[in-house]
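# Close look at the chain arrangement
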Amino acid sequence: MGLLSDPNRRRALISLLTRLNTPICVVCYMAGVAWFMGLAFEPFTLRTYMSENAMGSTMVEERFPAGERALATGREFAAHKKRAGGMPVDWLVKTMRARGLEVFTQSFSRTLPFPDENKERYMVKGTNVYGILRAPRAPRTEALVLSAPCSPGDNNNQAVGLLLGLAHYFRNQIFWAKDIIFLVNEHDLIGMQAWLEGYHHTNTTGMDWSPLQGRGGSIQAALSLELSSDVVTSLDLVLEGLNGQLPNLDLANLFYAFCQKIGVLCTIQGKLQRNDWDSVSGYSHAVKTMMLMVMKQASGRPWGDHGLFLRYHIEAATIKGVNSFRQYKTDTTTIGRLLEGMYRKLNNLLERLHQSYFFYLMPSLSHFVSIGYYMPAFGLLAVILL
């Protein structure tokens, strides 16, 4: 304390720091960057592991059989969408009711601060359609969501077909302890935001929407599905949400575990898993993957419809079908089995996902960097500002 209370010593300390300011800043900057870049090296990362006991095993038998039928439904959806010039609301309502769901619609409109790129309009109007599969063996206080955006053109028709196929298959199962909501939202993020605001009775964006006539329980987790081709070579996991928020790491671990079990090729940031961590190319691959995740978080925007769930403390992710690796192929039945397995494990949850990490970086789906490892690098860079 004497060093700080004595004016002479305080002036001497200030003079020393002023004189060594540039060298200290250079050393801290280089040390911070070196620390951060070293985090992608395998010895400095942790292997992913399941923290939630209810999801600690993938020992469920997936039996979803109707992949080809789901693709046919997707083609039928595409034909009705083209005929209607947008969301085929009447056809969706009829189809969901035929599959035994409680079906509801929500209309919404949003005034844009600037015209959109496609039609140069300031007003966007649309309709969300969702069906609720009520839990037969529980008091219906909790729910899970499976969503598929109704995108313009030929995009995502296969995802809607698979969603309807899973709804029909799930309807015939008796072990569900949570409501399952099957949602087809129009205009992507705008429609999803309208539905979430209506579900939680909030209005943070000034959007106009009609109140929801049907609700399930408190939403525990959600997955958004994006498939734009009959041929899928791998599934890419998208985690980054609004303002850089991330879901609980156990959700990513669950996806990776079932991909390993079923034999589905999986990627993160569009990059395949590699095992040559000790080589220069393997390390470079891990650095690129981790930096892509950092830049997506820094952008602040949601990279999928799941990103809006996170602001309501709902663990969510987007599973996107990729058609880039020609030597592999995953059929729709296999994707349906993977989703069935994930929802059966999420159905076992006794409480919200909370035991694993919420702040992390992933150089691959099998390894992660916790906040305790990357915060010292941030601290070294923050010393420069001080």
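Everything numeric here is computed off the predicted structure, so don't read it as measured data.

### Overview of the packing of helix H8 (residues 249-262) against helix H10 (residues 332-346)
Interhelical geometry of H8 versus H10 gives an angle of 135° and a closest axis separation of 10 Å. Overall, the two elements H8 and H10 adopt an arrangement that is oblique. Judged by the sense of rotation from one axis to the other, the crossing of H8 with H10 is right-handed. Between H8 and H10, the contacting residues are Leu251, Leu254, Phe255, Phe258, Cys259 and Ile262 on the first element and Thr334, Arg337, Leu338, Gly341, Met342, Lys345 and Leu346 on the second.

### Topic: the nonpolar core
Counting residues in each nonpolar core, the largest one holds 69 residues, and the members touching the most others are Phe182, Leu239, Phe255, Ile319, Leu338 and Met362. When neighbours within four sequence positions are excluded, Met362 is seen to be in contact with Thr48, Leu239, Leu249, Ala252, Ile268, Thr289, Met290, Met293, His367 and Phe368.

### A short note on the packing of aromatic side chains
Per the counting criterion, the structure on display carries 13 aromatic pairs. Ring plane angle 50° and centroid distance 4.7 Å describe the contact between Phe170 and Trp176, whose orientation is recorded as tilted. Judged by relative accessible area, which is 1%, Phe170 ranks as buried. Judged by its relative accessible area of 1%, Trp176 is buried. Among the aromatic residues, those joined into a ring-pair cluster are Phe64, Tyr169, Phe170, Phe175, Trp176, Phe182 and Tyr343. The aromatic ring of Tyr199 is capped on one face by Arg215, whose charged end is 4.4 Å from the ring centroid. The cationic tip of Arg301 hangs over the ring face of Trp303; the distance from NZ or CZ to the ring centre is 3.8 Å.

### Quick word on the environment of Arg352
Note on placement: Arg352 falls in the loop between H10 and strand S12 (360-364). Arg352 gets classed as partly exposed once you look at its relative accessible area, which sits at 34%. Taking the C-alpha atoms as reference points, Arg352 and Thr111, 241 residues apart in sequence, are found 35 Å from one another. Sequence-distant contacts of Arg352, that is, excluding residues within four places in its chain, are made with Glu52, Ser218, Ile219, Gln220 and His313. Within polar-contact distance, the side chain of Arg352 engages the side chain of Ser218 at 2.7 Å. Here Ile219 takes part through its backbone oxygen, which lies 3.0 Å from a polar atom of the side chain of Arg352.

### Structural notes on the state of the cysteines
One covalent bond between the sulfur atoms of two cysteine residues makes up a disulfide. Under the defined criterion, the tally for this structure stands at 0 disulfides. Free cysteine: Cys28, not disulfide-bonded; nearest cysteine sulfur from Cys25 at 6.9 Å. Take Cys28: its relative accessible area is 12%, and that puts it in the buried class.

### Focus on H8
Since the α-helix turns once every 3.6 residues, residues separated by three or four places project in the same direction. Look at H8: 20 Å from first C-alpha to last across 14 residues, which is about the 20 Å you get at 1.5 Å a residue. For H8, a buried count of 11 out of 14 residues is recorded, marking the element as mostly surrounded by other parts of the structure. Leu249, Asp250, Leu251, Ala252, Asn253, Leu254, Phe255, Tyr256, Phe258, Cys259 and Ile262 are the residues of H8 that are buried. The opening residue of H8, the one whose side-chain oxygen lies 3.0 Å from the backbone nitrogen of Asp250, is Asn248. Remark: Gly263 follows H8 within two positions and exhibits a positive phi of approximately 90°.

### Here we look at the pattern of salt bridges
A full pass over the atoms with the stated rule returns 8 salt bridges. We note a salt bridge from Glu62 to Arg337, for which the minimum N-O separation is 4.0 Å. Taken together, the residues span a long stretch of sequence, with Glu62 in the loop between strand S1 (46-47) and helix H4 (67-84) and Arg337 in helix H10 at a distance of 275 residues. By relative accessible area, Arg337 is classed as partly exposed at 26%.

### Side note on helix H9 (residues 280-299)
Between the first and last C-alpha of H9 there are 28 Å, a value that for 20 residues agrees with the 28 Å anticipated at 1.5 Å per step. The set of residues buried in H9 consists of Gly282, His285, Ala286, Val287, Thr289, Met290, Met293, Lys296 and Gln297. Contacts from the buried residues of H9 go to helix H3 (21-38), strand S9 (266-268), strand S10 (271-272), S12 and strand S13 (367-370). Following H9 by one or two positions, Gly300 adopts a phi angle in the positive range, close to 80°.

### Examining unusual backbone geometry
The phi dihedral of Asp188 falls on the positive side, at around 50°, and the residue is not glycine. In this fold, Asp188 is placed in the loop between strand S5 (179-186) and helix H7 (189-200). Classification of Asp188 by relative accessible area gives partly exposed; the value is 27%. Phi at His313 is positive, roughly 60°, even though this residue is not glycine. Looking at the element boundaries, His313 is found in the loop between H9 and strand S11 (315-322). What makes His313 exposed here is its relative accessible area of 62%.

Thresholds applied
- Throughout, residues of each chain are indexed from 1 in the direction in which the sequence is written.
- With pLDDT at 70 or above as the cut-off, local features in this predicted model cover only qualifying residues; side-chain atom pairs require 80 or more to be listed or tallied, and sums for whole chains, interfaces and linings still use all residues.
- Hydrogens and water are ignored here; the side-chain numbers use all heavy atoms of the structure.
- Here an axis means a line fitted to C-alpha atoms, over the contact stretch when the element is a helix, while the angle between two N-to-C directions is reported on a 0 to 180 degree scale.
- The way it works is that DSSP assigns letters per residue, a run of H or I at least four long becomes a helix, a run of E at least two long becomes a strand, and they are numbered from the N terminus.
- Here the word oblique covers every angle except those under 35 degrees (roughly parallel), over 145 (roughly antiparallel) and from 65 to 115 (roughly perpendicular).
- Handedness of a helix crossing follows the sense of rotation of the near helix relative to the far helix, less than a right angle counterclockwise being left-handed and clockwise being right-handed.
- Note on contacts: a residue pair is in contact if any heavy atoms of the two residues lie within 4.5 Å.
- Side-chain atoms within 4.5 Å are what join buried Ala, Val, Leu, Ile, Met, Phe, Trp, Tyr and Cys residues into a set we call a nonpolar core.
- Per-residue accessibility, obtained with a 1.4 Å probe over protein chains only, is compared with the maximum for each type, and a residue is labelled buried under 20%, exposed over 50%, and partly exposed between these values.
- Only centres within 6.5 Å qualify two rings of Phe, Tyr or Trp (six-membered ring in Trp) as a pair; their planes then separate them into stacked at under 30 degrees, edge-to-face at over 60, and tilted for everything else.
- Definition used: whenever NZ (Lys) or CZ (Arg) falls within 6 Å of the ring centre and also within 35 degrees of the ring normal, the charge is taken to sit over that ring.
- Two N or O atoms form a polar contact when they lie within 3.5 Å of each other; inside protein one atom must be a possible hydrogen donor and the other a possible acceptor, and for residues adjacent in sequence the pair counts only when both atoms belong to side chains.
- Any two cysteine sulfur atoms lying within 2.5 Å of each other are counted as a disulfide.
- The length a helix should cover is 1.5 Å for every residue beyond the first.
- For this document, the term salt bridge refers to a Lys or Arg side-chain nitrogen within 4 Å of an Asp or Glu carboxyl oxygen.

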